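Residue-level listing of the chains:
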Amino acid sequence: KNEVEQSPQNLTAQEGEFITINCSYSVGISALHWLQQHPGGGIVSLFMLSSGKKKHGRLIATINIQEKHSSLHITASHPRDSAVYICAVRNYGGSQGNLIFGKGTKLSVKP
Amino acid sequence: DVKVTQSSRYLVKRTGEKVFLECVQDMDHENMFWYRQDPGLGLRLIYFSYDVKMKEKGDIPEGYSVSREKKERFSLILESASTNQTSMYLCASSFLAAQNTEAFFGQGTRLTVV
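It should be emphasised that the depicted structure is a prediction, and the values quoted were computed from it without experimental measurement.

**Q** When you look at the overall build of chain A in this model, what are you seeing that I'm missing?
**A** Looking only at helices and strands, one finds zero helices and 11 strands in chain A. The secondary structure elements of chain A, listed N-terminal to C-terminal, are β-β-β-β-β-β-β-β-β-β-β. Compactness check: chain A gives a C-alpha radius of gyration of 13 Å against a globular reference of 13 Å for 111 residues, within 12% of the reference. Across its three principal directions, the C-alpha atoms of chain A cover 45 × 30 × 25 Å. Burial statistics for chain A: of 111 residues in total, 49% are counted as buried. Considering only residue pairs separated by 6 or more positions, chain A has 55% of its internal contacts joining residues 24 or more positions apart. Of the charged side chains in chain A, 11 are positive and 6 negative, and the gap between their average positions amounts to 5 Å.

Shown next, in the form of structure tokens:
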């Protein structure tokens, strides 16, 4: 079993829809990251969370430490949100500074 | 702006060639990482380094080596490229493991070995 599981693997939405991507993990963590990867490859960090909730524009990330679960929400989705969204955790006791990655959720937003 | 720069976006190399992938960061980060990304497998750690001349094996080091002679530069070396090393390679850097240190990624190098 993977230490970081994301769902769904693929998601197609219509422009304007509210989108939720889920991440569950099985290890003790010090922080959880949400990353965005556009076609072409570069990865951008969206959020880093250790508790509660963060908001940036139309993006909201939440984490429940007790349930070992995080969600990334996109409100009023737009075709430019189409990308792969990756959840990654930094675990206690792991290699210095290393992240454990989920396999990503490929989001496609249709106009 | 923090920058992690990889030397090439696309590379095509022949089987058996020695391949160098270069990564440079400008934020004085101690940690640097090399990952490969394959469909259905996500990002997997090849090697990382937490200081000059220091290196640690990641999950899939076989067929690779690394070099870190200067703090800002971390090189990934494919000693004898093989077709199963065709992949997307991503470099990242971060400050030494404080609890909430953010990682910054390069743009990736898509390597094709023919």
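After that view, the rundown keeps rolling.
**Q** When you look at the layout of surface pockets in this model, what are you seeing that I'm missing?
**A** Here the idea is plain: a probe the size of a water molecule rolls over the atoms and shows the empty space left. The space that makes up the largest pocket amounts to roughly 620 Å³. Lining the largest pocket are 27 residues, and of these Gln-37, Val-84 and Lys-106 of chain A together with Gln-37 and Pro-39 of chain B sit closest to its centre. Looking at the lining of the largest pocket, the elements with two or more residues in it are strand E9 (83–91) and strand E11 (105–110) of chain A together with strand E4 (31–38), strand E5 (42–49) and strand E9 (87–94) of chain B. Looking at the lining of the largest pocket residue by residue, the class counts come to nine nonpolar, 14 polar and four charged. As for the second largest pocket, its lining consists of 22 residues, and the residues nearest its centre are Glu-3, Ile-100 and Phe-101 of chain A together with Leu-43 and Asp-59 of chain B. Every element with two or more residues in the lining of the second largest pocket is listed here: strand E10 (100–101) of chain A together with E5 of chain B.

**Q** How should I be thinking about the side chain of Ser-77 of chain A in this particular structure?
**A** All names here are of chain A. Residue placement: Ser-77 occurs in the loop between strand E8 (69–74) and E9. Of the residues examined, Ser-77 reaches a relative accessible area of 2% and is grouped as buried. Here the side chain of Ser-77 touches Gln-14 through a polar contact of 3.3 Å, landing on its backbone oxygen. Engagement of the side chain of Ser-77 in a polar contact is seen with the backbone oxygen of Glu-17, the distance being 2.9 Å.

**Q** Got a minute to help me understand the side chain of Asp-81 of chain A in this structure?
**A** With respect to the helices, strands and loops of the structure, Asp-81 of chain A is situated in the loop between E8 and E9. When its relative accessible area of 7% is taken as the criterion, Asp-81 of chain A is described as buried.

**Q** Is there a simple way to think about the pairing of E11 of chain A in this case?
**A** Both faces of the sheet carry side chains from a regular strand, because those side chains alternate between them. Residues and elements named next belong to chain A. By the alternation rule, side chains of E11 split into Thr-105, Leu-107 and Val-109, which are all buried, and Lys-106, Ser-108 and Lys-110, of which none is buried. Two strands pair when backbone bridges link them, and strand E2 (residues 10–14) and E11 are joined in this way by five bridges, in the parallel orientation. Residue pairing for E11: Thr-12 is matched across the bridge by Ser-108. Examined bridge by bridge, E9 and E11 share three bridges and lie antiparallel to one another. Looking at the pairing, Val-84 lines up with Lys-106 of E11.

**Q** Sorry if this is basic, but what is going on with the interface of chain A and chain B here?
**A** Size of an interface: often given as the accessible area lost when the parts come together. Tallying the contact residues gives 23 residues for chain A and 25 residues for chain B. Carbon and sulfur atoms supply 55% of the area that chain A and chain B bury against each other, a total of about 1,900 Å² over both sides. The interface formed by chain A and chain B contains four residue pairs in polar contact (both at pLDDT 80 or more). Among the elements that make up the side of chain A that touches chain B, the one with the highest residue count is strand E4 (residues 29–37) of chain A (five residues).

**Q** Whenever I open this one, the state of the cysteines confuses me. Can you help?
**A** A disulfide bridge is the covalent bond that connects two cysteines by way of their sulfur atoms. Evaluation of the coordinates by the stated rule reveals two disulfides over all chains. For Cys-23 of chain A, the disulfide goes to Cys-87 of chain A, at an S-S distance of 2.0 Å. Disulfide Cys-23 of chain A to Cys-87 of chain A: torsion about the S-S bond roughly -65 degrees, handedness left-handed. Here Cys-23 of chain A is found in strand E3 (residues 19–25), whereas its partner Cys-87 of chain A is found in strand E9, with 64 residues between them in sequence. Paired through a disulfide, Cys-23 of chain B and Cys-91 of chain B show a sulfur-sulfur distance of 1.9 Å. On the sign convention where negative is left-handed, the bridge of Cys-23 of chain B and Cys-91 of chain B, at about -75 degrees about the S-S bond, is left-handed. Of this pair, Cys-23 of chain B sits in strand E3 (residues 19–25) while Cys-91 of chain B sits in strand E9, placing them 68 residues apart in sequence.

Reading the values: the criteria
- Residues numbered from 1 in each chain as written.
- Chains lettered and ligands numbered in written order.
- Predicted model: local features only at pLDDT ≥ 70, side-chain atom pairs only at ≥ 80, totals over all residues.
- Heavy atoms only, no water.
- Helix = DSSP H or I, 4+ residues; strand = E, 2+ residues; numbered from the N terminus.
- Rg over C-alpha atoms; globule rule 2.2 N^0.38 Å.
- Buried < 20%, exposed > 50% of the residue type's maximum accessible area, 1.4 Å probe, protein only.
- Contact = heavy atoms within 4.5 Å.
- Lys, Arg positive; Asp, Glu negative; His and termini not counted.
- Charge placed at Lys NZ, Arg CZ, Asp CG, Glu CD.
- 1 Å grid on protein atoms, 1.4 Å probe; cavity = no way out; pocket = protein on both sides within 12 Å on 5 of 7 lines; lining within 4 Å.
- Points joined across faces, edges and corners; volume = space filled by probe spheres on them.
- Nonpolar A, V, L, I, M, F, W, Y, C, P; charged D, E, K, R; others polar.
- Polar contact = N/O pair within 3.5 Å; in protein donor to acceptor, adjacent residues only side chain to side chain.
- Pairing = 2+ DSSP bridges.
- Buried area = accessible area lost by both parts, 1.4 Å probe.
- Disulfide = S-S within 2.5 Å.

Shape descriptors only; they carry no functional weight alone.
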